[in-house]
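Chain residues, written in single-letter form:
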Amino acid sequence: DRRPHRETFSAHSELSWRPNNVTQHAPHGAAFVCHWGSMKPQHQKVRKPLVMVVDDEEALRLMLRAFLRDNGFKVLLAHSGVDALRIFSKFRGSIDLMITDVQMPGMSGFALAEEVARIRPRMPVLLVSGGFNEEAKEVQDSVRAGRAFLEKPFDPRMLSSKVDTLMSASQY
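Residues numbered from 1 in each chain as written. Predicted model: local features only at pLDDT ≥ 70, side-chain atom pairs only at ≥ 80, totals over all residues. Heavy atoms only, no water.

Moving on, we come to the environment of Phe154. Among the secondary structure elements, Phe154 is positioned in the loop between strand S7 (148-151) and helix H5 (156-170). With relative accessibility at 17%, the residue Phe154 sits in the buried group. Put simply, Phe154 and Ser129 are 25 residues apart on the chain and 9.7 Å apart in space, counted from C-alpha to C-alpha. Residues in contact with Phe154, not counting those within four places in the same chain, are Leu64, Val128 and Leu159. (Helix = DSSP H or I, 4+ residues; strand = E, 2+ residues; numbered from the N terminus. Buried < 20%, exposed > 50% of the residue type's maximum accessible area, 1.4 Å probe, protein only. Contact = heavy atoms within 4.5 Å.)

This paragraph deals with the sheet that holds strand S6 (residues 125-129). Taken together, the 5 strands give an open sheet; going across it, the order is S4-S3-S5-S6-S7, and neighbouring strands pair in parallel fashion. The two strands at the open ends of the sheet, each matched to only one other strand, are strand S4 (74-78) and S7. Averaged over all neighbouring strand pairs, the angle between strand axes comes to 20°, with direction disregarded. Pairing geometry for strand S3 (residues 50-54) and S4, over 5 bridges, is parallel. Following the sheet pairing, Val51 is matched in S4 by Val75. Its contacts with the sheet place helix H1 (residues 58-70) against S3, S4 and strand S5 (97-101), and it is angled at close to 170° to S4. (Pairing = 2+ DSSP bridges. Axes fitted to C-alpha atoms, helices over the stretch in contact; angles between N-to-C directions.)

Moving on, we get to the pattern of salt bridges. One pass over the structure, following the stated rule, counts 7 salt bridges. When the shortest N-O distance is used, the salt bridge between Arg147 and Glu114 registers 3.2 Å. With Arg147 in the loop between helix H4 (137-144) and S7 and Glu114 in helix H3 (residues 109-119), the pair connects residues that are 33 residues apart, well separated along the chain. On the accessibility criterion, Arg147 (9% relative accessible area) is buried. Residue class for Glu114 comes out partly exposed when judged on its relative accessible area of 36%. Look at the salt bridges and you will find they share partners, linking Asp55, Asp101 and Lys152 into a network. (Salt bridge = Lys/Arg side-chain N within 4 Å of Asp/Glu carboxyl O.)

What follows concerns the nonpolar core. With 24 residues, the main nonpolar core has Met52, Val54, Ile95, Met98, Leu112, Val116 and Leu127 as its most contacted residues. Of all the elements in the fold, those that place two or more residues in this core are S3, S4, helix H2 (81-90), H3 and S6. Non-local contacts of Leu112, meaning those with residues more than four positions away in its chain, are made with Val54, Gly81, Ala84, Leu85, Met98, Thr100 and Met107. Of all hydrophobic cores here, the second largest spans 19 residues; its members include Val51, Ala148, Phe154 and Val163. (Core = buried A, V, L, I, M, F, W, Y, C linked by side-chain atoms within 4.5 Å.)

If you want it as structure tokens, here you go:
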């Protein structure tokens, strides 16, 4: 038979966020549709990593929360080291990363990081401070203990880079 064959092929890819359609002609008007996407069943949701932000400055806590949420994280906020430990002890889920200010009333970020390490030794901690720099003995001791440090003021790219590095290393 020398007649042109007609095939129809239609596909949708969820990975590109836009449908991809290809049409071909099949013999005798036959048509088929093929859909593909992620390998996970669609009813499963990917768990967003959870970050606890600890800072006595409300404006910084709220700014960090907005930034982290915009980048796909869930966020818990604490206004002090003592508040963070209270939340940490009562929270039933998994906290994947803690970002804490170093200089806070009552309990420093260094002391908080030590307490958290006793409870959950593998949880990454990012210490942030405007009063210390990377040469300070306390910072060097914390970095040797496996914690990361970011000096204030910092820009979003610096924060994003530190968070990405810590999350990749922890394999939350």
